[in-house]
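Commentary on secondary and tertiary structure
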Amino acid sequence: MCIMPSAGAAGNEEVIVVEKAAEAWRQSPSFLLDEVTITRLDEAEIVVPMASDWLQLDATDDWIRHDSGIALQQEVAYASYLNIPTIILPPPRNRSHVASYGRIVNECLRNIPYMHFSVRLPIYDPAVFKSKESPPHGDLNSNGISTAQASSPKLASSQKHPLKPSKVSEGELNATWEMWDVIRTVCDNNARVTLTLDLTPPLPANANVLDRWAAEPVQHIFLPASAFIANVKGYPVLPKGTQAFIRQTMIHHPTFILSGVDSGVHTMGGESAYPQYVKHLEKTSPVAQATKTEGSVEQFAQGYQDYLQNPLQPLMDNLQSITYQTFEQDPIKYHNYEEAIYRALVDRPDRERIVICVAGAGRGPLVSRCLKAGQRANRETFIYAVEKNPNAFVTLQYRKAKEWGSSVELIAGDMRRVELPEPVDILVSELLGSFGDNELSPECLDGAIRFLKPDGISIPSSYTAHLTPLSSSKLYNAARESKDLRGVETPYVVMFQNVNILSGDGGGAGGRCGSRIQECWEFEHPRKDVTVNGRGLPLTNSHNVRSAKLTFHIPHAGVMHGLAGYFEAILYSDVGLSIHPCHKERVSKDMLSWFPLFFPFREPLYLPSNSELQVSIWRLTNERQVWYEWYAESFLPVANASLRIDTAEDVGVSEGPSFSSTSTHVAVPSPVVDALDVFPLVARVEPRPGSMEVTPASGVVKIGQTALHNPGGRSSWIGLT
Ligand SMILES: C[S@@+](CC[C@H](N)C(=O)[O-])C[C@H]1O[C@@H](n2cnc3c(N)ncnc32)[C@H](O)[C@@H]1O
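Residues numbered from 1 in each chain as written. Predicted model: local features only at pLDDT ≥ 70, side-chain atom pairs only at ≥ 80, totals over all residues. Heavy atoms only, no water.

The cut-off we apply is this: UniProt positions are given in the numbering used here, feature names are shortened, and annotations may be inferred rather than shown by experiment.
By the naming in an unreviewed UniProt entry, the protein chain is Protein arginine N-methyltransferase, taken from Boletus edulis BED1. In the Sequence similarities (unreviewed entry) part of its UniProt record, the protein chain is described as follows: "Belongs to the class I-like SAM-binding methyltransferase superfamily."

Examining the site of the ligand
The criterion, for reference: The rule for a residue being near a molecule or strand is that one of its heavy atoms must lie within 4 Å of it. N or O atoms closer than or at 3.5 Å make up a polar contact, with two conditions inside protein: a donor-capable atom paired with an acceptor-capable one, and, for residues adjacent in sequence, both atoms drawn from side chains. Using the Shrake-Rupley algorithm and a 1.4 Å probe, accessible areas are obtained, with residue cover drawn only from the displayed protein chains. Each residue is assigned to one of three groups, with Ala, Val, Leu, Ile, Met, Phe, Trp, Tyr, Cys and Pro labelled nonpolar, Asp, Glu, Lys and Arg labelled charged, and all others, Gly among them, labelled polar.
Around the ligand lies a shell of 20 residues, among which Tyr324, Tyr334, Glu387, Asp414 and Met415 are the nearest. Within the side chain of Asp414, an N or O atom sits 2.9 Å from a nitrogen atom of the ligand. In the environment of the ligand, a nitrogen atom lies 2.9 Å from a nitrogen or oxygen atom belonging to the backbone of Met415. In isolation the ligand offers 590 Å² of accessible surface; the protein chains occlude 99% of this area. Considered class by class, the residues forming the shell around the ligand number 11 nonpolar, four polar and five charged.

Quick notes on the packing of helix H9 (residues 240-249) against helix H10 (residues 273-283)
Note the threshold: Axis definition: a line fitted to C-alpha atoms, over the contacting stretch in the case of helices. Angles run 0 to 180 degrees between N-to-C directions. Each helix is a run of DSSP H or I of at least 4 residues and each strand a run of E of at least 2, with the numbering of both proceeding from the N terminus. A crossing counts as left-handed when the near helix is turned anticlockwise from the far one by less than a right angle, and as right-handed when that turn is clockwise. Contacts are residue-level and defined by heavy atoms, with any inter-residue pair within 4.5 Å sufficient.
Viewed as axis vectors pointing N to C, H9 and H10 meet at an angle of 65°, and their least axial separation amounts to 8 Å. Both H9 and H10 take part in a crossing whose hand is right-handed. Contact residues: H9 offers Gln243, Ile246 and Arg247, while H10 offers Tyr277, His280 and Leu281. Split by residue class, the contact of H9 with H10 holds three nonpolar, two polar and one charged.

Thoughts on the pattern of salt bridges
To keep things clear, this is the line we draw: Every case where a carboxyl oxygen of Asp or Glu lies within 4 Å of a side-chain nitrogen of Lys or Arg is listed as a salt bridge. Burial classes follow relative accessibility: with a 1.4 Å probe on protein chains only, a residue under 20% of its type's maximum area counts as buried, one over 50% as exposed, and anything between as partly exposed.
Tallied over the entire structure, the rule returns 37 salt bridges. Residues Arg26 and Glu23 are paired through a salt bridge, measuring 3.4 Å at the closest nitrogen-oxygen approach. Of the two residues, Arg26 and Glu23 both sit in helix H2 (residues 13-27), three residues apart, roughly one turn of that helix. A residue is classified by how much of its surface remains accessible, and Glu23, at 37% relative accessible area, is partly exposed. The partner of Glu328 in a salt bridge is Arg363, with the nearest N and O atoms 2.8 Å apart. Of this pair, Glu328 sits in helix H13 (residues 321-328) while Arg363 sits in the loop between strand S8 (353-359) and helix H15 (365-377), and the two are 35 residues apart along the sequence. Looking at Arg363, the relative accessible area reads 16%, which means it is buried.

Comments concerning the nonpolar core
A general tendency of soluble globular proteins is for nonpolar side chains to be buried together. The line we're drawing: In these notes, a set of buried Ala, Val, Leu, Ile, Met, Phe, Trp, Tyr and Cys residues joined through side-chain atoms within 4.5 Å is what counts as a nonpolar core.
By size, the foremost hydrophobic cluster in this structure holds 108 residues, and its most contacted members are Val428, Phe435 and Ile459. When near neighbours in sequence (up to four residues on either side) are disregarded, Phe435 contacts Ala465, His466, Leu467, Cys520, Trp521, Gly565, Tyr566, Phe567, Leu597, Phe599, Ile617 and Tyr628. Among the nonpolar cores identified, the runner-up in size contains 66 residues, and Ile104, Met115, Ile183 and Leu199 belong to it.

Points about the UniProt feature "binding site: S-adenosyl-L-methionine" (unreviewed entry) in the protein chain
As recorded in UniProt, the sites labelled "binding site: S-adenosyl-L-methionine" (unreviewed entry) are Tyr324, Lys333, Tyr334, Glu387, Asp414 and Met415. The largest pairwise C-alpha distance within this set of annotated residues, which runs over 92 residues, is 23.6 Å, so the set is dispersed in three dimensions. Mapping Lys333 onto the fold places it in helix H14 (residues 333-347). For Tyr334, the position within the fold is in helix H14. Polar side-chain contacts of Tyr334 include one of 3.2 Å to the side chain of Lys333.

Brief notes about the sheet that holds strand S3 (residues 193-198)
Selection rule: Here, strands pair whenever DSSP counts at least two bridges between them.
Taken in spatial order, the five strands of this open sheet run S1-S2-S3-S4-S7, and their pairing is parallel. Two strands bound the open sheet, and with one partner strand each, they are strand S1 (86-89) and strand S7 (255-259). In this sheet, adjacent strand axes meet at a mean angle of 25° when their direction is disregarded. Bridge count for S1 against strand S2 (residues 116-122) is four bridges, and the pairing is parallel. Bridge pairing in S2 places Thr86 opposite His116.

So, the sheet that holds strand S12 (residues 452-459)
Spatially, S10-S9-S8-S11-S12 is the arrangement adopted by the five strands of the open sheet, whose pairing is parallel. The two strands at the open ends of the sheet, each matched to only one other strand, are strand S10 (408-412) and S12. Geometrically, the sheet is characterised by an average inter-axis angle of 20° between neighbouring strands, direction not taken into account. Note: strand S9 (residues 380-387) against S10, five bridges, orientation parallel. Counted as the bridge partner of Tyr384 is Glu409 from S10. In the packing of H15 onto the sheet, contacts are made with S8, S9, S10 and strand S11 (424-429), and the angle to S9 comes to roughly 170°. Lying on the sheet, helix H16 (residues 390-404) is in contact with S9 and S10; it crosses S10 at an angle near 165°.

A short note on H14
How we decide: Each residue after the first adds 1.5 Å to the expected span of a helix.
With 15 residues, H14 extends 21 Å from end C-alpha to end C-alpha; this agrees with the ideal 21 Å at 1.5 Å per step. For H14, every residue scored as buried is listed here: Lys333, Tyr334, Asn336, Tyr337, Glu338, Glu339, Ala340, Ile341, Ala344 and Leu345.

Examining the packing of aromatic side chains
The geometry of an aromatic ring pair comes down to the distance between the two centres and the angle between the two planes. Inclusion rule: In this scheme Phe, Tyr and Trp rings, the latter by its six-membered ring, pair at centre separations within 6.5 Å, and the angle between planes marks the pair as stacked below 30 degrees, edge-to-face above 60, and tilted otherwise.
By the definition in use, this model includes 17 aromatic pairs. With a centroid separation of 6.1 Å and an interplanar angle of 70°, the aromatic rings of Phe228 and Tyr277 are classed as edge-to-face. Of the two residues, Phe228 sits in the loop between strand S4 (218-224) and strand S5 (229-230) while Tyr277 sits in helix H10, which places them 49 residues apart along the sequence. With relative accessibility at 11%, the residue Tyr277 sits in the buried group. A ring pair is formed by Trp521 and Tyr628, whose centres lie 6.3 Å apart and whose planes are at 5°; its orientation type is stacked. Residue Trp521 is located in strand S16 (residues 518-524), and its partner Tyr628 is located in strand S22 (residues 625-637); the two are separated by 107 residues in the primary sequence.

A few points about the state of the cysteines
What makes a disulfide is a covalent bond joining the sulfur atoms belonging to two cysteines. As a reminder, the rule being used: Put simply, a disulfide is two cysteine sulfurs that come within 2.5 Å.
Counted under the stated rule, the structure contains one disulfide. Sulfur-sulfur distance for the disulfide between Cys513 and Cys582 comes to 1.6 Å. The S-S bond linking Cys513 to Cys582 shows a torsion near 50°; that makes this disulfide right-handed. Highlighted residues: Cys513 in helix H19 (residues 511-516) and Cys582 in the loop between strand S19 (575-578) and helix H20 (584-588), separated in sequence by 69 residues. What makes Cys513 buried here is its relative accessible area of 16%. By relative accessible area, which is 39% here, Cys582 ends up partly exposed.

And the structure:
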């Protein structure tokens with residue numbers, strides 16, 4: 001630590017003068033005209049300023065850190081005076097003091113109410129590991145006031161890349177992200193703290209670790225000329241991996257900061273070749289392509305990306321005509337329904353007349369599809385259309401009068417209460433939510449199954465709910481915007497964009513995708529094992545209670561902000577509907593009707609590399625409502641090798657499967673030991689060794705948990721009446 005020299009000890013007049021000047025500056029930091037490059041508002045309008053690179057907000061030396069903080073406040077205050085909306089901060093460089101960096105940024109957030117602070121962050125940083133003890137800072141002069149000579153060697157040496165991309169280790173890839181995670185956590189995930197991703201280091205070969213940046217608030221991309229290579233004609237282009245990453249990153253609509261483009265690194269094209277090339281990547285990015293594709297989900301969802309919507313409650317509320325109209329634009333859903341009904345009709349025994357009930361007919365699109373399927377199958381069909389929304393029932397009457405005539409009979413009322421004049425062969429319904437059962441299809445169909453003949457069938461015949469852990473600082477901030485508990489205990493319908501699925505392929509059942517996104521439960525119709533009363537209605541709703549405990553493998557460290565929920569339905573035979581990310585292309589490509597569900601967490605849960613996440617979710621009910629409760633725990637698996645954790649300073653790896661549940665010794669498998677080689681991760685594990693829950697039998701060490709969300713349906717529920 002640098003001790004401020006006292007006048008008495010040094011006995012040096014020069015030191016006293018400098019010291020006095022430093023104190024005067026600390027008291028009222030201000031610029032002189034010749035120390036600034038911009039003075040007018042109109043000049044400031046078009047710039048994105050970068051705070052001085054020599055600021056060491058995370059220096060080991062207390063005085064340097066302290067004075068860097070004052071100097072940053074001075075720069076920020078001047079930028080604010082000039083109405084500048086965003087300032088880019090120098091990269092954090094010292095893991096052990098990065099919390100101090102975060103604290104100073106938090107102070108800026110409090111002092112300047114509107115400005116965004118964008119943390120410049122190399123995508124990974126080998127220097128962090130090479131110099132754990134002496135972070136690569138430039139020096140400040142003895143009075144703590146900066147001199148411009150020192151800078152970040154990593155960034156200054158950006159023209160040379162000492163590491164080949166394939167050599168980048170998991171630890172190196174985690175290191176800068178870990179520092180970012182500390183900064184934004186110290187700043188309480190304030191949405192005004194954003195990222196400037198610095199692509200100076202060559203991108204690593206293990207591209208999937210880069211997915212994590214999709215979930216982070218990337219506002220700028222810093223791209224030096226040295227990151228470009230020359231194509232055969234000598235024009236600057238980016239290596240394939242970097243091209244792919246930048247195309248993916250376009251979901252953030254980042255501003256690119258190109259540096260060194262006048263340095264003549266590439267012989268052809270001049271300075272303008274670089275921005276032209278970036279524009280080309282933007283135009284050919286998946287997000288730009290998808291939004292241009294006629295009929296794509298992305299085009300349909302324009303403006304709804306990462307926007308939290310409350311799920312519909314079609315049982316409790318009466319939908320508007322415009323809502324039905326939006327459903328009816330879906331080109332796939334009704335096509336698949338017609339195909340399922342057609343196949344079911346073909347497969348029915350050769351009866352003269354097949355009776356169908358459309359339960360929850362809305363404005364009648366499925367009624368029309370039933371009639372079409374009947375024509376195609378060359379079967380005589382008769383349809384009962386049941387609808388409880390009195391307003392939609394007017395449209396049904398209109399369509400019967402104009403289109404359907406005597407082949408359709410309309411029945412107004414709740415399918416759980418009305419009676420049908422005769423039993424039916426096929427019960428057709430579309431009462432599904434994003435999570436399958438979340439619009440109470442199970443409960444409504446329980447009331448309608450009694451319409452079926454003994455060999456009658458339901459379309460859909462079954463549906464399943466699926467979950468996966470998700471990182472998205474944007475969704476987390478949006479969910480807690482409402483300030484009260486409700487905001488973070490309500491499942492939302494969301495078209496995901498800036499998100500990252502945290503689970504990997506290891507562990508769990510169900511093959512590659514089955515372990516990333518896992519099934520919670522299933523509902524089947526008709527279900528024969530339910531006890532019913534004299535009218536064929538269930539005595540209680542207990543048979544619709546469900547629970548699931550899912551175990552996910554987390555390959556790369558990340559912060560979990562919530563769970564993504566999806567559904568799949570079997571309509572009939574192999575005809576279905578799916579919004580499951582791994583199956584939707586095959587089952588119902590370009591279907592528009594459902595966006596996924598997002599179950600938020602009140603507090604983000606940090607998940608280290610190679611950890612295990614256990615998610616518990618319940619579907620619960622009383623006589624008036626249905627609701628979900630959810631909860632998660634994280635573990636480090638315990639296996640062959642062992643790690644001894646004694647104190648914050650004393651972290652070492654010893655041989656053998658030693659294990660003690662009474663002490664601070666824990667055993668972890670080799671991959672985890674590898675990961676623990678990365679000191680930020682150790683820092684996550686070791687501060688509370690005494691409080692670790694050690695479970696020798698299951699061989700895991702518990703490292704974190706969330707609260708139980710929405711107990712008793714206190715914040716969100718779906719009405720049964
Ligand atoms: C998701 S909409 C589907 C409408 C239409 N079948 C379609 O595909 O466009 C569900 C419809 O079922 C109706 N519904 C929901 N629960 C019902 C119940 N218990 N009895 C009768 N209708 C119901 C709603 O009013 C709504 O019109």
